[in-house]
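Structure assessment
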Amino acid sequence: ALITMVASLLSKLHGEDDDGTDEIYSNATVCDADPLDGLAAHFFDESCVAALTCDDQAMLYLFMYEFLAPLRVEMVSFFQCYLLVNFMVVQQGGIPSTTKDDGKNTRWNLGCFAWSLWVSCVSFQWVTNLSSAASLTFSYISMEAKFRPCMVELESGDALLNMTLPVMLFHPVLLAQLINTLSLAHAILTALFVAGVKLDPRAWLLRYAVAMLGPYFTFGMGYFLVTLSFVFAYVFFLPLFLFGAVLTTALCLLLFKLIMPWLKGKEQDDQEAFAKYEKDIQEAAGEGCLSWCNGRWATLWCGNAVCGLPRFARAQLREVLWWFDAGEPDEDEDVLDNNAKTGWFGVIIFGIFSPIGAFRFISLRDDEERNKSVKTFADLNDMMRVAVLALTTVTLSPFIICSTWSAFYAYQGVGNDASMEFIADVYHHTFAIFTGSVELPALDFDFTVLWKDAWHDFITMWDFVKLAPDKLLAISKTLNGASFGFGLSKLLMSASAAGVVAVMQLFPDHWGLVGGSNVPLGDYAQTHADPGAFLANLSSLNDDAIDSFNFDFGPVIKKDEDSQYVFSVKEATISKELFRFDLNILARVFEEKLKGLDLYECSGMQGNIKDLPQSITDLNLCGCK
């Protein structure tokens, strides 16, 4: 995952015969032929470009290459994988705990320090991500200011590229950087919640996403519809979209149907094997100070380090992929039935294939069917929502951008032949992989940018009016490198906190310095999004636990004056379908202190009614299966 992240964050997009930016400038033959060909040539006047100096021609060629290359089908697939890998890396390691595992939530000072460093690294990663996106935007402004006289114009006098800028908000590079900040914001909000800050990470993440991307997507899609570009999209570019959507679907099905079922199927066995190892290693360690330094302990430890590698690998994958879960239809539902557009099938139809799924949504017969389709996305966990947003928008990117270009190119009145030639060049560019030309980011392991140029470039880029486009592109890459560096630093903070706990636990007399283990983002997010998981993890029922449960799911649990409890899902602020756990959990948590239980229409509940506490005097199980 880290190597893939390096490839994306420190990438330099090279052409088929390009070995680097410096060689572009030192290539004296660049002026011997037209530097712009294919799709790029439609946006600039040929005679004007030919009159430019060799350096300016090379600069323009480099910018247009960086501008157009991400729209190729292999690059679109790369950016989707890049985002998924970034989401996985953010989950890796967990959040340093700020309290001790002593049952009293005693503050752990060393953990608080590690937590502060962890949050700082994620915050700086968020800043450098946004700054890199800003530098890319500034590079276009600089290019437009320098080469505006050479840009092809419409009859209104506006440049063709400028008139299509609103849909360039869907450019894959910008989408990747902006959507990646959602995963970082999710990590920061979860860390604040872990530290005891009273906030709802799910609600605040939604507010952040709406504030940042709401106007962004609304303006871009509105422009796409108002200019009638969608007509060109459906008439000329539907095959382009379908090809990308099929590749995205294949990636999703790989995770939905192969990897995740395999990980879940092995989870119980892995947990039992690890529990047995923990028990054996504790028995071998004994109770005396440093008694773990014995042959049996060393044999068990080394044996687990070697034979436990597959189990360890699966555990790591579960930690970083916990969020890839779209839910499944009920047992009595057919995934293709009109009433069951839920789970992975709904994500694919109404998300990835949204230009076609929109017509299917409109054709649904009644509100109940449409509500089930909406619940497909409403019931997803936070990170899965971000992932669906990423996969959907990146898949749509070439479809929206290329069709808008085609529409405005046709609006010039250049004639059918010229318009069809433009469309042909779009297809030739996006599907160039089938001609033997493959474009993927090259690896560049220059980690020195974190302390050499990052701060200087961050300050310099704001004076973008005075900078050349190629300089701003270089700054964007530097900031991407800095973002990767902060990502590594975050993992180092997690590993350091976990290492301190692991080492101190080897000493029976650790003088009370051992703190709590790192909190996995997945475990914490799942616990506070799933009422069943929350109750299952409770060791005892107290007022703090009740307040936390009610904060997450609504005032479901109420304590009366007689110290008896009422559990009513009617007061829940989440979907009743999320109450899908075994009745044994309620019996274990409340024991004989539960006098009222209302599970009306909680069809996902499991277990036997005979397992419920005998203290219940008011019971409502209508709608439960």
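1. Side note on the overall build of the protein
From N to C terminus, the protein includes 25 helices and four strands. Relative to its 625 residues, the protein shows a buried fraction of 50%. Within the protein, residue pairs in contact and separated by at least 24 positions form 73% of the contacts whose partners lie at least 6 positions apart. Of the roughly 29,200 Å² that the protein leaves accessible, carbon and sulfur atoms contribute 60%.

2. Some words on the environment of Thr 460
Along the polypeptide, Thr 460 turns up in helix α20 (residues 454-460). On a C-alpha basis, the gap between Thr 460 and Ile 475 in space is 8.7 Å, while along the polypeptide they are 15 residues apart. Among the polar contacts listed, one links the side chain of Thr 460 to the backbone oxygen of His 456, at a separation of 2.7 Å.

3. Some thoughts on the packing of helix α9 (residues 201-226) against helix α17 (residues 382-411)
Where α9 meets α17, the axes come as close as 11 Å, and the angle between the chain directions of the two elements is 15°. In this view, α9 runs roughly parallel relative to α17, as classed from their interaxial angle. When you trace α9 past α17, the crossing you get is left-handed. Contact residues: Arg 202, Leu 205, Leu 206, Leu 213, Phe 217, Met 221, Tyr 223 and Phe 224 in α9; Asp 382, Arg 385, Leu 389, Thr 393, Ile 400, Ser 403, Thr 404 and Phe 408 in α17. Residue composition of the contact of α9 with α17, grouped by class: 10 nonpolar, three polar and three charged.

4. Considering the side chain of Arg 311
Tracing the backbone through its elements, the reader meets Arg 311 in helix α13 (residues 309-321). Contact partners of Arg 311, with chain neighbours within four places excluded, come to Asp 270, Ala 273, Phe 274 and Asn 304.

5. Here we look at the pairing of strand β2 (residues 565-568)
In regular strands, side chains alternate between the two faces of the sheet. With three bridges connecting them, strand β1 (residues 557-559) and β2 associate as antiparallel partners. Bridge pairing in β2 links Lys 558 to Val 566. Once β1 ends, the chain turns through five residues before running back antiparallel as β2, passing Ser 563 with a positive phi of about 65°. Across four bridges, the pairing between β2 and strand β3 (residues 594-598) is parallel. Note that in β3 the partner of Ser 568 across the bridge is Asp 598.

6. Topic: the state of the cysteines
Counted according to the given criterion, the structure contains one disulfide. A disulfide bridge connects Cys 48 with Cys 150, and the sulfur atoms are separated by 1.9 Å. Judged by the sign of its S-S torsion, about -65°, the bond between Cys 48 and Cys 150 is left-handed. Here Cys 150 lies in the loop between α6 (109-147) and α7 (160-163) and Cys 48 lies in helix α3 (residues 46-50), a separation of 102 residues in the sequence. Owing to a relative accessible area of 22%, Cys 48 belongs among the partly exposed residues under this scheme.

7. Overview of the nonpolar core
Core analysis: the biggest nonpolar cluster contains 102 residues, and Phe 44, Met 64, Phe 87, Trp 323 and Trp 405 have the highest contact counts within it. In terms of residues, this core owes the most to one element, α17, which gives 16 residues. Grouped together as the second largest cluster of nonpolar side chains are 27 residues, Phe 534, Ile 546, Phe 581 and Leu 583 included.

8. With respect to a nonpolar patch on the surface
Residues Leu 110, Phe 113, Leu 117 and Val 500 make up a contiguous nonpolar surface patch of roughly 330 Å² in combined accessible area. The leading source of residues in the nonpolar patch is α6, at three residues. Relative to the helices and strands, Leu 117 resides in helix α6. On the basis of relative accessibility, which here comes to 31%, the residue Leu 117 falls in the partly exposed class.

9. Section: the sheet that holds β3
Strand order in the open sheet made by the four strands is β1-β2-β3-β4, with mixed pairing throughout. On the outer flanks of this sheet lie β1 and β4 (618-620), each paired with one strand and no other. Averaged over neighbouring strand pairs, the angle between their axes works out to 15° when direction is ignored. Sheet strands touched by helix α24 (residues 543-553): β1 and β2. Its angle to β1, the strand with the most contacts, is close to 145°. This element, helix α25 (residues 583-590), spans β1, β2 and β3 of the sheet and lies at about 155° to β2.

10. Some points on the pattern of salt bridges
Summed over all chains, the structure comprises 14 salt bridges. Residue Glu 66 is joined to Lys 477 by a salt bridge in which the shortest nitrogen-to-oxygen separation is 3.0 Å. Of this pair, Glu 66 sits in helix α4 (residues 54-68) while Lys 477 sits in helix α21 (residues 469-505), placing them 411 residues apart in sequence. You'll find Glu 66 and Lys 477 in the same group, each marked buried.

11. Some remarks on the environment of Ala 245
Mapped onto the elements of the fold, Ala 245 is located in helix α11 (residues 238-285). Placed 150 residues apart in sequence, Ala 245 and Thr 395 show a C-alpha to C-alpha distance of 6.1 Å.

12. Some remarks on the environment of Lys 266
Inspection of the secondary structure assignment puts Lys 266 in helix α11. Distance from Lys 266 to Arg 311, taken between C-alpha atoms, is 8.7 Å for residues 45 residues apart in sequence. Setting aside its immediate chain neighbours within four residues, Lys 266 contacts Arg 314 and Arg 318.

13. As for helix α5 (residues 73-91)
The terminal C-alpha atoms of α5, which comprises 19 residues, lie 28 Å apart, in line with the 27 Å expected from a rise of 1.5 Å per residue. The buried fraction of α5 amounts to 17 of the 19 residues, a majority that puts the element mostly inside the structure. Gly 93 lies just past α5 and shows a positive phi near 95°.

The rules we used
- Residues numbered from 1 in each chain as written.
- Predicted model: local features only at pLDDT ≥ 70, side-chain atom pairs only at ≥ 80, totals over all residues.
- Heavy atoms only, no water.
- Helix = DSSP H or I, 4+ residues; strand = E, 2+ residues; numbered from the N terminus.
- Buried < 20%, exposed > 50% of the residue type's maximum accessible area, 1.4 Å probe, protein only.
- Contact = heavy atoms within 4.5 Å.
- Areas by Shrake-Rupley, 256 points an atom, 1.4 Å probe, with all protein chains shown as cover.
- Polar contact = N/O pair within 3.5 Å; in protein donor to acceptor, adjacent residues only side chain to side chain.
- Axes fitted to C-alpha atoms, helices over the stretch in contact; angles between N-to-C directions.
- Parallel < 35°, antiparallel > 145°, perpendicular 65-115°, else oblique.
- Left-handed = near helix turned anticlockwise from the far one by under 90°.
- Nonpolar A, V, L, I, M, F, W, Y, C, P; charged D, E, K, R; others polar.
- Pairing = 2+ DSSP bridges.
- Disulfide = S-S within 2.5 Å.
- Core = buried A, V, L, I, M, F, W, Y, C linked by side-chain atoms within 4.5 Å.
- Patch = residues over 30% accessible without salt bridge, like charges linked within 9 Å, V, L, I, M, F, W, Y side chains within 5 Å.
- Salt bridge = Lys/Arg side-chain N within 4 Å of Asp/Glu carboxyl O.
- Expected span 1.5 Å × (residues − 1).

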